[in-house]
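Each chain, letter by letter, is given below.
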Amino acid sequence: MENNEKKVLSFDAYELQKYEPNRYPFLFIDRVTECVPGEYAKGYKNLTNNEWFFPHHYEGHPFMPAAIQTEALSQMITVAFTTLPGIDDVGVVGSSWSAKFHREVRPGDRLDIEAFVKSYTRGVGKGYAKSYVDGELACEVELKLVIPCEFDKYRPGRKIEEK
């Protein structure tokens, strides 16, 4: 009997550093609870009053800025790609997205994030991610990523090194 089950990975904050190049204060994921490389990654970010961006934005009415929300979702989709075998270069260069925001994310919220890979060929990945607070949709984003270690292999006009 053949076993077709896919291995589901999970990472605490320390293990996550193997797959996500950002570090505090620019790491916007606390934990990856589920990840199937090349398919999806799920996890969360707990938001406290001590987040560096809350005191400096929106005095008296703090909420997570849109750019930081999209970065959190981008980081989660990055994990779905960088856990693939052979992708040692975790630096993702060039990303683009279209985002929709549905509600404010405030101190004390837990931002649950789900990110899914739509396609991955020749060093270019496409995916989408959604975040939720208490089960309510907060943000959704579509992403295009370039994985340098793979993309460079297919770059037109690249020089092939002679041995």
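Each remark here, short or long, concerns the structure printed above.
Residues numbered from 1 in each chain as written. Predicted model: local features only at pLDDT ≥ 70, side-chain atom pairs only at ≥ 80, totals over all residues. Heavy atoms only, no water.

Caption draft 1: Structural context of the side chain of Glu20. Residue placement: Glu20 occurs in the loop between helix 1 (13-16) and strand 2 (31-36). The side chain of Glu20 is buried and forms no salt bridge, while Arg23, the nearest opposite charge, is found at 6.2 Å. Leaving out residues up to four positions away in the same chain, Glu20 has contacts with Leu27, Gln75, Thr78 and Val79. (Helix = DSSP H or I, 4+ residues; strand = E, 2+ residues; numbered from the N terminus. Buried < 20%, exposed > 50% of the residue type's maximum accessible area, 1.4 Å probe, protein only. Lys, Arg positive; Asp, Glu negative; His and termini not counted. Salt bridge = Lys/Arg side-chain N within 4 Å of Asp/Glu carboxyl O. Contact = heavy atoms within 4.5 Å.)

Caption draft 2: Structural view of the nonpolar core. By size, the foremost hydrophobic cluster in this structure holds 35 residues, and its most contacted members are Val32, Met64 and Leu111. Those elements that place two or more of their residues in this core are strand 2, helix 2 (66-82), strand 5 (110-121), strand 6 (124-133) and strand 7 (136-146). At 8 residues, the largest contribution of residues to this core is made by helix 2. For Leu111, the residues in contact, after removing those within four places along its chain, are Gly43, Tyr44, Lys45, Leu47, Met64, Ala72, Val105, Ser131, Tyr132, Val133 and Ala138. (Core = buried A, V, L, I, M, F, W, Y, C linked by side-chain atoms within 4.5 Å.)

Caption draft 3: Quick peek at the pattern of salt bridges. In this structure the tally under the stated criterion is 8 salt bridges. In this structure, the salt-bridge partner of Glu39 is Lys6, at a minimum N-O distance of 2.4 Å. Highlighted residues: Glu39 in the loop between strand 2 and strand 3 (40-46) and Lys6 in the segment before strand 1 (9-11), separated in sequence by 33 residues. Put simply, Lys45 and Asp30 hold a salt bridge, and the shortest N to O gap is 3.4 Å. Linking Lys45 in strand 3 with Asp30 in the loop between helix 1 and strand 2, this pair joins segments that are 15 residues apart in sequence. Residue Asp30 is classed as partly exposed on the basis of its relative accessible area, which comes to 25%. Salt bridges sharing partners connect three or more residues here, namely Asp30, Lys45 and Glu51.

Caption draft 4: Structural view of the pairing of strand 2. In the sheet, strand 1 pairs with strand 2 via 2 bridges, with the strands oriented antiparallel. Within the sheet, the bridge partner assigned to Leu9 lies in strand 2 and is Cys35. Pairing between strand 2 and strand 3: 5 bridges, direction antiparallel. Paired with Val36 across the strands is Tyr40, a residue of strand 3. Hairpin geometry of strand 2 and strand 3 is characterised by an intervening segment of 3 residues between the two adjacent antiparallel strands and by a positive phi of about 80 degrees at Gly38. (Pairing = 2+ DSSP bridges.)

Such coordinate-based values are descriptive only and should not be taken to indicate function.
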